[in-house]
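# Structure assessment
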Amino acid sequence: MQKTTNAKKSQVKKDVVEHLHGKLPKIFVLDTNVLLHDHECIHKFQENDIVIPIVALEELDHFKKGNEQINFNARELARELDKIAGQQLFQEGVSLGRGMGRIRVALGAEYSQEMLLSFHEDTPDHRILAIALNVKNKNPNRLVSLVTKDVNLRLKANALGLFADDYLSDKVIVFEDAPKHLSIVKTTDEKIAQLFESSNSLSSKELKIHPHANEYFILEGPTSRVPVMYSPLNKSVNYVQKQMVSGIEARNEEQAFALDALMRPEIQLVALTGVAGTGKTLLALAAAIAQAKNFKQILLSRPVIPLQNQEMGFLPGDVNEKLAPYMLPLYDNLAVIKNKTKISQKEFSQIEDLQKTEALQITPLAYIRGRSLSDTFFIIDEAQNLTPHEIKTIITRAGEDTKLIFTGDIHQIDSPYLDSQSNGLSYLASKMSGQEMFAHINLVKGERSFLAEVAGKLL
């Protein structure tokens with residue numbers, strides 16, 4: 001009987017707490033990696049309160065110097081906190097504005113007995129955990145959650161009975177389920193014949209379809225099949241022909257779509273996604289060289305992130321020599337294009353001239369901030385390793401007559417705090433979908449080699 005009574009009391013208490021959780025604002029304790037990931041994160045928790053552990057401020061101090069996005073975020077957050085600073089920031093907190101919660105900085109807390117028994121090392125992560133548990137204990141009627149992009153820290157928090165969440169503000173849901181094959185629109189053979197009779201173009205109204213701007217798909221009849229794209233300029237469906245660009249010919253329909261988007265001047269922003277070996281970077285580079293006369297310069301860049309757990313240590317030499325190992329894939333693709341052309345052909349000498357005159361440059365992304373890129377064909381490789389804010393920073397550098405190409409594989413991410421939904425390339429493809437100046441092509445079929453294609457699917 002006593003056990004039953006205690007169980008009922010426990011359930012009543014649980015129901016009351018859950019009821020209060022639904023009524024009272026939540027309290028989110030932010031890990032350092034969230035602050036470094038998005039310096040505007042403190043304004044994205046609506047009416048809920050925010051707690052920043054003093055340990056996180058200490059860690060931010062180590063990231064203030066440098067030209068990378070993470071350094072910029074550390075400085076910007078410090079400036080933002082300085083604006084609202086005051087004694088209240090370290091006591092009851094400061095309001096972030098109408099309809100928003102309060103923010104405060106929490107000082108260090110003692111380790112609980114459970115923590116002392118579970119964790120023997122004194123680390124910043126464990127100190128943040130201690131602060132989060134202390135906040136939870138002082139607010140029994142409110143839901144307290146640790147927000148961190150560190151999966152392992154979330155597991156530790158859960159083990160101690162503390163709620164833990166990933167930072168979801170910039171995650172996209174829809175792109176995770178990107179089609180693994182080309183989109184197919186069923187029609188009649190007569191409509192496909194009419195397409196070719198009408199100068200390879202047909203009104204979308206006649207086909208009774210409503211595609212997105214610059215959407216690429218397959219029109220398929222009972223006995224015929226044709227690759228097409230929808231142009232928002234004339235609201236028509238156009239036949240997409242395979243073409244050879246700088247000695248590189250499309251080997252499948254996906255690559256034909258990619259080259260078509262890359263060569264269309266009205267499409268200023270292109271996202272090419274797909275597994276390794278599908279030709280993303282090669283096609284982008286080939287299109288850039290073919291259109292070199294239309295731009296003042298061609299820039300190639302990629303994030304400087306070594307293969308996880310494979311650091312090479314100190315590299316001697318100047319900036320270019322230090323970056324050379326990271327830029328080798330770009331040089332490899334350039335070599336492929338050269339090998340596809342004979343010395344007598346003008347394309348080969350054109351590539352040589354572009355490199356000699358520095359009209360074609362391979363440069364680190366760290367040097368892009370603050371620049372205004374006009375008349376530039378800019379290829380950003382391995383864009384899945386960029387944050388949404390970094391993607392935004394790059395795109396806002398675009399001046400007049402600039403074309404930006406982002407390539408990458410969203411399932412091959414080297415950054416420990418990004419995943420297939422929160423990386424910048426997924427964010428770009430999701431948020432820009434339907435814009436008249438944007439096109440996204442997802443490449444599926446590997447063309448590097450049969451071995452590479454099988455490995456990409458099975459390993």
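Here the structure is a predicted model, which means the values were calculated and not measured.

Conventions and cut-offs
- Residues numbered from 1 in each chain as written.
- Predicted model: local features only at pLDDT ≥ 70, side-chain atom pairs only at ≥ 80, totals over all residues.
- Heavy atoms only, no water.
- Helix = DSSP H or I, 4+ residues; strand = E, 2+ residues; numbered from the N terminus.
- Buried < 20%, exposed > 50% of the residue type's maximum accessible area, 1.4 Å probe, protein only.
- Contact = heavy atoms within 4.5 Å.
- Areas by Shrake-Rupley, 256 points an atom, 1.4 Å probe, with all protein chains shown as cover.
- Salt bridge = Lys/Arg side-chain N within 4 Å of Asp/Glu carboxyl O.
- Phe/Tyr/Trp six-rings, centres within 6.5 Å; stacked < 30°, edge-to-face > 60°.
- Polar contact = N/O pair within 3.5 Å; in protein donor to acceptor, adjacent residues only side chain to side chain.
- Pairing = 2+ DSSP bridges.
- Axes fitted to C-alpha atoms, helices over the stretch in contact; angles between N-to-C directions.
- Arc of directions from axis to C-beta.
- Parallel < 35°, antiparallel > 145°, perpendicular 65-115°, else oblique.
- Left-handed = near helix turned anticlockwise from the far one by under 90°.
- Nonpolar A, V, L, I, M, F, W, Y, C, P; charged D, E, K, R; others polar.
- pLDDT = per-residue confidence, 0-100.

## Observations regarding the overall build of the protein
Each helix and strand counted, the protein has 16 helices and 19 strands in total. A burial count over the protein gives 47% of its 459 residues as buried. Within the protein, contacts between residues separated by at least 24 positions form 68% of all contacts whose residues are at least 6 apart in sequence. For the protein, the exposed area adds up to about 24,100 Å²; of that, 52% sits on carbon and sulfur atoms.

## Observations regarding the pattern of salt bridges
A pair can form between side chains of opposite charge whenever their charged atoms are brought close. Within the structure shown, the criterion is met by 17 salt bridges. Where Arg142 meets Asp49, a salt bridge forms, and the shortest distance between an N and an O atom there is 2.7 Å. With Arg142 in the loop between α6 (124-138) and β5 (144-147) and Asp49 in strand β2 (residues 49-53), this pair connects stretches of sequence that are 93 residues apart. Here Arg142 matches Asp49 in class, with each residue buried. For Asp61, the salt bridge goes to Lys64, with nearest N and O atoms at 2.8 Å.

## Section: the packing of aromatic side chains
What the rule picks out here adds up to five aromatic pairs. Between Tyr216 and Phe257, the ring centres sit 5.2 Å apart and the planes meet at 45 degrees, which makes this aromatic pair tilted. In this pair, Tyr216 is assigned in strand β9 (residues 216-220) and Phe257 in helix α10 (residues 253-263), connecting sequence segments 41 residues apart. We note that Tyr216, like Phe257, is buried. Here the aromatic rings of Phe295 and Phe377 are separated by 5.5 Å at their centres, their planes lie at 85 degrees, and the arrangement is edge-to-face. On the criterion of sequence distance, the pair formed by Phe295 in the loop between α11 (280-290) and β15 (297-301) and Phe377 in strand β17 (residues 376-380) is long-range, its members being 82 residues apart. By the burial criterion, Phe295 is buried, and Phe377 matches it.

## Points about the side chain of Asn238
If you trace the backbone, Asn238 turns up in strand β11 (residues 236-239). Judged by relative accessible area, Asn238 falls into the buried class, the value being 11%. In this structure the side chain of Asn238 is engaged in a polar contact, spanning 2.9 Å, whose partner is the side chain of Ser201. Apart from the residues lying within four places of it in its own chain, the contact partners of Asn238 are Asn200, Ser201, Pro227, Val228, Met229, Ser231 and Arg264.

## A word on the sheet that holds strand β18 (residues 403-408)
What the six strands build is an open sheet, ordered β16-β15-β17-β18-β14-β19; its pairing is parallel. A single partner strand is all that each edge strand has here, and the edge strands are β16 (360-362) and β19 (438-443). Here the average twist between neighbouring strands, direction ignored, is 15 degrees. Lying over the sheet, helix α14 (residues 388-395) contacts β14 (269-274), β17 and β18, oriented at roughly 155 degrees with respect to β18.

## Comments concerning the environment of His37
Summarising the element assignment, His37 is placed in helix α2 (residues 32-37). The sequence separation of His37 and Gln69 amounts to 32 residues, and the corresponding C-alpha distance is 8.7 Å.

## Observations concerning the pairing of strand β10 (residues 225-231)
Judged by how many residues are buried, β10 sits mostly within the fold: six of seven residues are covered. In the sheet, β9 pairs with β10 via five bridges, with the strands oriented antiparallel. Bridged to Glu220 within β10 is Arg225. Two strands pair when backbone bridges link them, and β10 and β11 are joined in this way by four bridges, in the antiparallel orientation. Pairing of Tyr230 across the sheet is with Val237, part of β11.

## So, helix α7 (residues 151-159)
Restricting attention to buried positions, one finds in α7 the residues Leu153, Arg154 and Ala157. Burial along α7 is one-sided: seen end-on, the buried residues are contained in an arc of 105 degrees. The outward face of α7, more than 90 degrees from its buried face, is lined by the exposed residues Leu155 and Ala159. In this structure, the buried side of α7 is in contact with α6, β5 and β6 (163-165). Between the side-chain oxygen at the start of α7 and the backbone nitrogen of Asn152 there is a gap of 3.0 Å, and the oxygen is on Asp150.

## So, the packing of α6 against α7
Across the interface, α6 lies against α7 with an axial gap of 11 Å and an inter-helix angle of 40 degrees. Judged on the interaxial angle alone, α7 and α6 are oblique. Considering the relative orientation of α6 and α7, their crossing is right-handed. Contact residues: α6 offers Asp125, His126 and Leu129, while α7 offers Leu153, Lys156 and Ala157. By residue class, the composition of the contact of α6 with α7 is three nonpolar, one polar and two charged.

## A short note on the confidence of the model for the protein
In this model, the protein carries a mean pLDDT of 81, and residues with pLDDT of at least 70 account for 81%. Per-residue pLDDT stays below 50 along residues 174-178; that stretch engages in 10 contacts with residues further than four places along the chain or on separate chains. Residue range residues 306-315 is modelled with pLDDT below 50. Its contacts to residues more than four positions away, or to other chains, number 12 contacts.

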